[in-house]
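Here's the letter readout for the chains.
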Amino acid sequence: MSFKEGQSRRILARVAAVAAAAGLGVAGLAGSASADITIQQYVALGDSFASGVGAGAYADDGTDCYRSDNAYAKQVNVELGERLWFEACSGARVEDVVANQLNHLYRVNTEHVTIGVGGNDAGFSSVLGACAGTDTALCKTAITNARTIITDSLPAELDDLYTQVENRAFSAEIVVVGNPRLFNETACAGALAITPEEQALLNDAADLLAETTAAVAADHGFDFADPRAAFDGHGVCSADPWILGYTGTLESFHPNAAGQDAYTDVVLPALAY
């Protein structure tokens, strides 16, 4: 399905859904979900890059999701002006998004959805750990294993997730959000012992993840918000990093507040509003 075909389908679905809703009335809608389904809604799904790990100002919501007030979902919704369901959570894999983050997708009034997930499925956190030492062979093996996952198993998992999102919110504008390259391919303390050569290999793996994710998104007619160009020159070890280096916490190698600002500038234009 092409992007235009997918967009046309969603427009037609929205008209049909609104017509059906008018026939059901508010009481019918409330019975199928909740009263707040009657307002326009934005649902933000994904992992730590989507929840805003690294950007500070985390919500005290009783979870370990580290949802930041500086995250792009929060910033985007200032412009959208909708009811935000901020479901993205630190550490989430595709299966976690399916199991825990789809409950507030509605057939009628979900206007916008963003999905940013896949890095944890590829095991990038473990890969970075393998590359942070002095064993280059171990690093290269870890990167090769991650690339195999991205190529062999991740597309089917993303396809299933995107299908479920589309079926639950088939009249929404759905945008898949990618990840930036992490490194500036130079040495500095923040990169630990990850050499420029290893950084280049890690960036290549990030490119593979982006290209794979974009391809599955295109199959569903979803737009792909690609932050890689925006983050060029702002990776770890750059003069103006938008990615944190090693901090000794889970914030390591995540976008900082400036990085989430950059994400916002990439994601917002992709959403029809």
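From a predicted model like this one, the values you see are computed outputs, not experimental measurements.

**Considerations on the UniProt feature "active site" (unreviewed entry) in the protein chain**
Thinking step 1. Using the residue numbers shown here, the UniProt feature "active site" (unreviewed entry) corresponds to Ser48 and His254. With the annotated positions falling across 207 residues, the maximum pairwise C-alpha distance of 8.0 Å places them together in a single cluster. From this annotated list, the subset lining the largest pocket comprises Ser48 and His254.
Thinking step 2. Ignoring sequence-local partners within four residues, the contact set of Ser48 consists of Val53, Cys89, Ser90, Gly91 and His254.
Thinking step 3. The residue His254 is located in the loop between helix 9 (228-231) and helix 10 (257-270) in this model.

**Section: the sheet that holds strand 4 (residues 173-177)**
Thinking step 1. A sheet is described by the order of its strands in space; here five strands give the open sequence 2-1-3-4-5, paired in parallel fashion. Each edge of the sheet is formed by a strand with only one pairing partner; in this case those strands are strand 2 (83-86) and strand 5 (223-225). Across the sheet, the mean angle separating the axes of adjacent strands is 20° when strand polarity is ignored.
Thinking step 2. Sheet analysis places strand 1 (residues 41-46) next to strand 2, joined by four bridges and oriented parallel. The residue bridging Gln41 from the neighbouring strand is Arg83, located in strand 2.
Thinking step 3. Helix 3 (residues 72-80) rests against strand 1, strand 2, strand 3 (110-116) and strand 4 of the sheet, and its axis sits at about 165° to strand 1.
Thinking step 4. Of the strands in this sheet, strand 1, strand 3 and strand 4 are in contact with helix 7 (residues 154-168), which crosses strand 3 at around 170°.

Calculation notes
- Residues numbered from 1 in each chain as written.
- Predicted model: local features only at pLDDT ≥ 70, side-chain atom pairs only at ≥ 80, totals over all residues.
- Heavy atoms only, no water.
- UniProt positions renumbered as here; feature names shortened; annotations may be inferred.
- 1 Å grid on protein atoms, 1.4 Å probe; cavity = no way out; pocket = protein on both sides within 12 Å on 5 of 7 lines; lining within 4 Å.
- Contact = heavy atoms within 4.5 Å.
- Helix = DSSP H or I, 4+ residues; strand = E, 2+ residues; numbered from the N terminus.
- Pairing = 2+ DSSP bridges.
- Axes fitted to C-alpha atoms, helices over the stretch in contact; angles between N-to-C directions.

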